[in-house]
Amino acid sequence: MTDDSFKRPFPALTPAQRYHLDVYGYVVVENALSEGETSRLLEAMQRLKRDLLASGDPASARVRNCSLSAHKPHHLHFAHILEADPALFDYLTHPRLVGMAEELVGGDVRLEESEAVINTRAPDTDVSAPPRYGFHVGTWPDVGTYTSNDLYHCTFVKTLTNLTELGPDDGGTVCIAGSHKVGGPRETIIEAAQADPSLIHQVIAPAGSTLLFGEALIHATGQIRSERERCIVIGGYTPTMFQAWNGQEPSAEFVEQTPDHLKPLISGSHKWRWQQRRRTLATPAEDMS
Ligand SMILES: O=C(O)CCC(=O)C(=O)O
């Protein structure tokens, strides 16, 4: 993104937040969004949910170019929310959050995917048993990460924002702390963490908080044990020369009507003109307020 009219902070994280990210593989920025931004997004997601469910067969439903990649009664996973609502577009292009993603990628980014989850407690949840998680990764320490200025970077990054409050029983995202840097079979790390659950960290945060992590970190949806519905929105970002996730390229019509200064972010048009940018741990966060 070399267009100067798209201003975003660099670096976006304070040294303490950057240190947390390096050590654990993630950082939660509480109240990254205002109450107004959060409630506008939640309304947009509830509208999208209603429209998708009202449109017939959830497996084939497509509303404003969004579809459901999982559609159990207690768990809806939305794929490609980018084009579905201006509030969602504003989230995915939010200067501060894009700045956070750029810091972890180590240069300017393109949007690689846009997703959301609305879920409630699974009907078969046994709240007296230790939780089991669907741990997974999107990249690996050997192919998807590197060190520069002594800081950890990852080429596949997510900003995941909870639009509903997440207490300890509300199913916040879980991850295996530090797994972003540890090589070897993922299964072995998962077994180790299951033997010592203190290695599994969970997001507990007010609505409007953003979890930033690289996809080499082993992570999963948390287990909802309460009566609350959870809603999260997710932006995935990569260096500009990478591709969008399968089926997540924005439509030509959508790119056409995107404001010029945001087109490279949405379409990846800068491709191999990737602008690298690195901080040091000591660099203070840029305050754009
Ligand atoms: O539902 C969640 O909290 C986790 C989402 C996830 O696994 C992902 O975005 O890769």
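Above this text you will find the structure in question.
Summary of the structure given here.

Parameters at a glance
- Residues numbered from 1 in each chain as written.
- Predicted model: local features only at pLDDT ≥ 70, side-chain atom pairs only at ≥ 80, totals over all residues.
- Heavy atoms only, no water.
- Helix = DSSP H or I, 4+ residues; strand = E, 2+ residues; numbered from the N terminus.
- Rg over C-alpha atoms; globule rule 2.2 N^0.38 Å.
- Buried < 20%, exposed > 50% of the residue type's maximum accessible area, 1.4 Å probe, protein only.
- Contact = heavy atoms within 4.5 Å.
- Areas by Shrake-Rupley, 256 points an atom, 1.4 Å probe, with all protein chains shown as cover.
- Lys, Arg positive; Asp, Glu negative; His and termini not counted.
- Charge placed at Lys NZ, Arg CZ, Asp CG, Glu CD.
- Pairing = 2+ DSSP bridges.
- Near = heavy atom within 4 Å.
- Polar contact = N/O pair within 3.5 Å; in protein donor to acceptor, adjacent residues only side chain to side chain.
- Nonpolar A, V, L, I, M, F, W, Y, C, P; charged D, E, K, R; others polar.
- Core = buried A, V, L, I, M, F, W, Y, C linked by side-chain atoms within 4.5 Å.

Attention shifts here to the overall build of the protein. Scanning the protein from N- to C-terminus turns up eight helices and 13 strands. Its C-alpha atoms give the protein a radius of gyration of 18 Å, within 12% of the compact-globule value 19 Å for 289 residues. When the 289 residues of the protein are sorted by exposure, 54% land in the buried category. The long-range share in the protein, meaning contacts at least 24 apart out of those at least 6 apart in sequence, stands at 83%. Counting only carbon and sulfur atoms, one obtains 53% of the accessible surface of the protein, whose full area is about 13000 Å². Side-chain charges in the protein split into 26 positive and 37 negative, and the spacing between the mean points of these groups amounts to 1 Å.

Turning to the sheet that holds strand β9 (residues 174-176), a few remarks are in order. Read from one edge of the open sheet, three strands run β10-β9-β12, paired in antiparallel fashion. Strands at the two margins of the open sheet, each flanked by one partner only, are β10 (200-202) and β12 (219-220). As judged from the two bridges shared by β9 and β12, these two strands associate in the antiparallel manner. Within β12, the residue paired with C175 across the bridge is H219.

With that settled, consider the pairing of strand β8 (residues 157-162). In terms of burial, β8 is largely enclosed, as six of its six residues are buried. The two faces of β8 match: V157, T159 and T161 on one face and K158, L160 and N162 on the other face are all buried. Where β8 lies against strand β13 (residues 230-239), six bridges are found, and the strand directions are antiparallel. Within the sheet, the bridge partner assigned to N162 lies in β13 and is I232.

Attention now moves to the site of the ligand. In the neighbourhood of the ligand, the contacting residues comprise H136, K158, L160, T173, E215, H219, T221, R230, I232 and I234. In the environment of the ligand, an oxygen atom lies 2.7 Å from a nitrogen or oxygen atom belonging to the side chain of T221. For the ligand, an oxygen atom lies 2.7 Å from a polar atom in the side chain of R230. Contact with the protein chains removes 93% of the 300 Å² of surface that the ligand exposes when unbound. Counting only elements with at least two residues in the shell around the ligand, the list comes to β8 and β13. Across the shell around the ligand, the residue classes break down as three nonpolar, four polar and three charged.

The next point concerns the nonpolar core. Note that soluble globular proteins tend to have their nonpolar side chains buried in a common cluster. One finds M45, L48, F78, I81 and L88 to be the most contacted residues of the largest nonpolar core, which totals 52 residues. With six residues, the top contributor of residues to this core is helix α4 (residues 95-105). Judged by nonpolar contacts, the second largest core, of 12 residues, contains L166, C175, A205 and L211.

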